[in-house]
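Letter by letter, the chains look like this.
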Amino acid sequence: MKPTQKSSSLAYIPDVLCKASSPPTPLPAVRNWPASWHQWDRWSVWAVNAALASGRPLLLRGEPGTGKTQLARAAAAVLGRPFLSRVVNARMEPEDVLYRFDAVARLSEAQVQRSGSKGHGNKEGDRPWLKPSNYLVPEILWWAINPKIASEQHRQAQSRCGGIPGGYEEAMKDWNLGQPGPVVLLDEIDKADGDVPNSLLEVLASDGFQLPFGGGHVGPEGDARPLILITTNEERELPAAFLRRCLVHVMDLPKDEVEQAEDLTRRVRAHGDLREVADSVLTLAIRMLQGDRKAALERDLRPPGLAELIDLLRVVTRRGGSVSAQEKRLKENQRFAFQKHRFDP
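Residues numbered from 1 in each chain as written. Predicted model: local features only at pLDDT ≥ 70, side-chain atom pairs only at ≥ 80, totals over all residues. Heavy atoms only, no water.

Asker: What is the right way to look at the packing of aromatic side chains in this model?
Answerer: One pair of aromatic rings is described through two measures. These are the centre distance and the angle between the planes. Scanning all chains against the criterion turns up four aromatic pairs. Measuring from centroid to centroid gives 5.8 Å for W33 and F83, while their planes differ by 50°, and the two rings are tilted. Here W33 is found in the loop between strand 1 (25–27) and strand 2 (36–38), whereas its partner F83 is found in strand 4 (residues 83–87), with 50 residues between them in sequence. With a relative accessible area of 10%, F83 lands in the buried category. (Phe/Tyr/Trp six-rings, centres within 6.5 Å; stacked < 30°, edge-to-face > 60°. Helix = DSSP H or I, 4+ residues; strand = E, 2+ residues; numbered from the N terminus. Buried < 20%, exposed > 50% of the residue type's maximum accessible area, 1.4 Å probe, protein only.)

See below:
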């Protein structure tokens, strides 16, 4: 896909994209995400542009299904930058977003060299190929902050550690020195232990980090800084110091029901397979969603949102039939898509 703007360190998201008459931004398939479309709104355009201008990461808050992850993909598509992503999980260690030390590869090579080369000494100084820094594998923020050094380290690690998963080198293969850095998505940061966001404070504050084993410092090349977007589903409170380093964009649905319906309609219509859904079917589905959202919120439970609405509409439209048949099918399948909590009588 061609970028909407010429790539430069001063490129921003055009305001025109959030106008009602603007078509949605097409998103190419990437890794586990299928091809899709993104409908911009003015707050998202302003938030991304603020992050670009300030150099701060943009934290995207809000309930699931409001387009937080998709916003990062859309920003990369419009700006013409590479897109790197990492889904955070509860087992993640603080350094996992910076680098990985392949201890297994180092041990294997030590054993091979020991058994096949009697002339080599037994001290590590006599075996420079076993220097620990040789077995550092760049992870997402290393690639984002300095793709040049990450690429050099990747080639060295590849020769020693064999096949390296991740795919960041593929996304960055066409990057040239002097171009803006990639768009980085750290998805669901709230799933990690508090040590993970806290460990990012130095990186976010200084645009760089120190490597272990005397590997030196990794910093950006000139103005080639990445655009970092971080999402949270609010499952865990984030450290205050981490929040201070970020700009924050809240992506909840509007509270006013009329505005909410208009917002949902615009977002649903941005999905190519749902652009032709009948107005009456969409209106009824949104009315059902709003009723179930209200019931969930009254019980302090997580309400259904855009993702569930799209699921329900696909259930009833992909089977075809008349508009009245689809409206009937909405009522038959409403509970499966929207009512995911067990309410006590």
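Asker: Explain helix 10 (residues 257–269) to me, please; I cannot follow it from the model alone.
Answerer: Along its 13 residues, helix 10 runs 18 Å from first to last C-alpha, staying within 8% of the 18 Å computed at 1.5 Å per residue. Taken together, the buried positions of helix 10 are occupied by Q260, D263, L264, R267 and V268. The buried side chains of helix 10 occupy one side of the element, clustering within an arc of 130° when seen end-on. Opposite its buried face, helix 10 presents the exposed residues V258 and E262, each directed more than 90 degrees away. For helix 10, the side-chain oxygen to backbone nitrogen distance between the N-cap and V258 is 3.1 Å, and the N-cap itself is D256. (Expected span 1.5 Å × (residues − 1). Arc of directions from axis to C-beta. Polar contact = N/O pair within 3.5 Å; in protein donor to acceptor, adjacent residues only side chain to side chain.)

Asker: Is there a simple way to explain the environment of R91 in this structure?
Answerer: Counting through the fold element by element, R91 comes out in the loop between strand 4 and strand 5 (99–101). A sequence separation of 100 residues divides R91 from K191, and the C-alpha atoms of the two residues are 9.0 Å apart.

Asker: Just to check I follow, could you spell out the pairing of strand 3 (residues 58–61) for this structure?
Answerer: Regular strands place their side chains on alternate faces of the sheet. Alternating residues of strand 3 divide into L58 and L60 and L59 and R61, and every residue in both groups is buried. Two elements, strand 3 and strand 11 (residues 247–250), share four bridges in a ladder whose sense is parallel. Following the sheet pairing, R61 is matched in strand 11 by V250. (Pairing = 2+ DSSP bridges.)

Asker: What am I meant to see in the nonpolar core here?
Answerer: Across soluble globular proteins, nonpolar side chains show a tendency to be buried alongside one another. In this structure, L141, F209 and F242 are the most contacted members of the largest nonpolar core, which totals 37 residues. At the level of elements, helix 4 (140–145), strand 7 (183–187), helix 8 (201–206), strand 10 (227–232) and helix 9 (240–244) are the ones that each hand at least two residues to this core. The element that contributes the greatest number of residues to this core is helix 4, accounting for six residues. Setting aside residues no more than four positions away along its own chain, F209 makes contact with L98, Y99, L141, W142, I145, E202, V203, G216, H217 and V218. By size, the runner-up hydrophobic cluster in this structure holds 28 residues, among which are W40, L52, V78 and V183. (Core = buried A, V, L, I, M, F, W, Y, C linked by side-chain atoms within 4.5 Å. Contact = heavy atoms within 4.5 Å.)

Asker: Help me out: how do you make sense of the pattern of salt bridges in this one?
Answerer: A side chain of one charge can pair with a side chain of the opposite charge when the charged atoms of the two come close. In total, this model carries 17 salt bridges according to the counting rule given. Between R314 and D273 there is a salt bridge whose closest N-O contact spans 2.7 Å. Residue R314 is located in helix 12 (residues 306–317), and its partner D273 is located in the loop between helix 10 and helix 11 (279–298); the two are separated by 41 residues in the primary sequence. Using a relative accessible area of 25% as the deciding quantity, one classes R314 as partly exposed. According to the relative accessible area criterion, D273 is partly exposed, its value standing at 39%. A single salt-bridge network, built from bridges that share partners, covers D41, D263, R266 and R267. (Salt bridge = Lys/Arg side-chain N within 4 Å of Asp/Glu carboxyl O.)

Asker: Just to check I follow, could you spell out the packing of helix 11 against helix 12 for this structure?
Answerer: Taken N-terminus to C-terminus, the directions of helix 11 and helix 12 make an angle of 135°; their axes are 10 Å apart at the nearest point. Viewed along their axes, helix 11 and helix 12 adopt a mutual orientation that is oblique. Classified by chirality, the crossing of helix 12 by helix 11 is right-handed. Taking contact as the criterion, the partners of V281, L282, A285, I286 and L289 in helix 11 are, on helix 12, L309, L313 and V316. Of the residues that constitute the contact of helix 11 with helix 12, the class distribution is eight nonpolar, no polar and no charged. (Axes fitted to C-alpha atoms, helices over the stretch in contact; angles between N-to-C directions. Parallel < 35°, antiparallel > 145°, perpendicular 65-115°, else oblique. Left-handed = near helix turned anticlockwise from the far one by under 90°. Nonpolar A, V, L, I, M, F, W, Y, C, P; charged D, E, K, R; others polar.)

Asker: What should I look at first to understand the sheet that holds strand 11 in this one?
Answerer: Note: strands within a sheet are paired through backbone hydrogen bonds, in either parallel or antiparallel orientation. Taken in spatial order, the five strands of this open sheet run 4-7-10-3-11, and their pairing is parallel. If you trace the sheet from one side to the other, it starts and ends with strand 4 and strand 11, each paired once. The average angle at which neighbouring strand axes cross in this sheet is 20°, direction not considered. Direction of pairing for strand 3 relative to strand 10: parallel, over a ladder of four bridges. Note on strand 10: the bridge partner recorded for L60 is T231.

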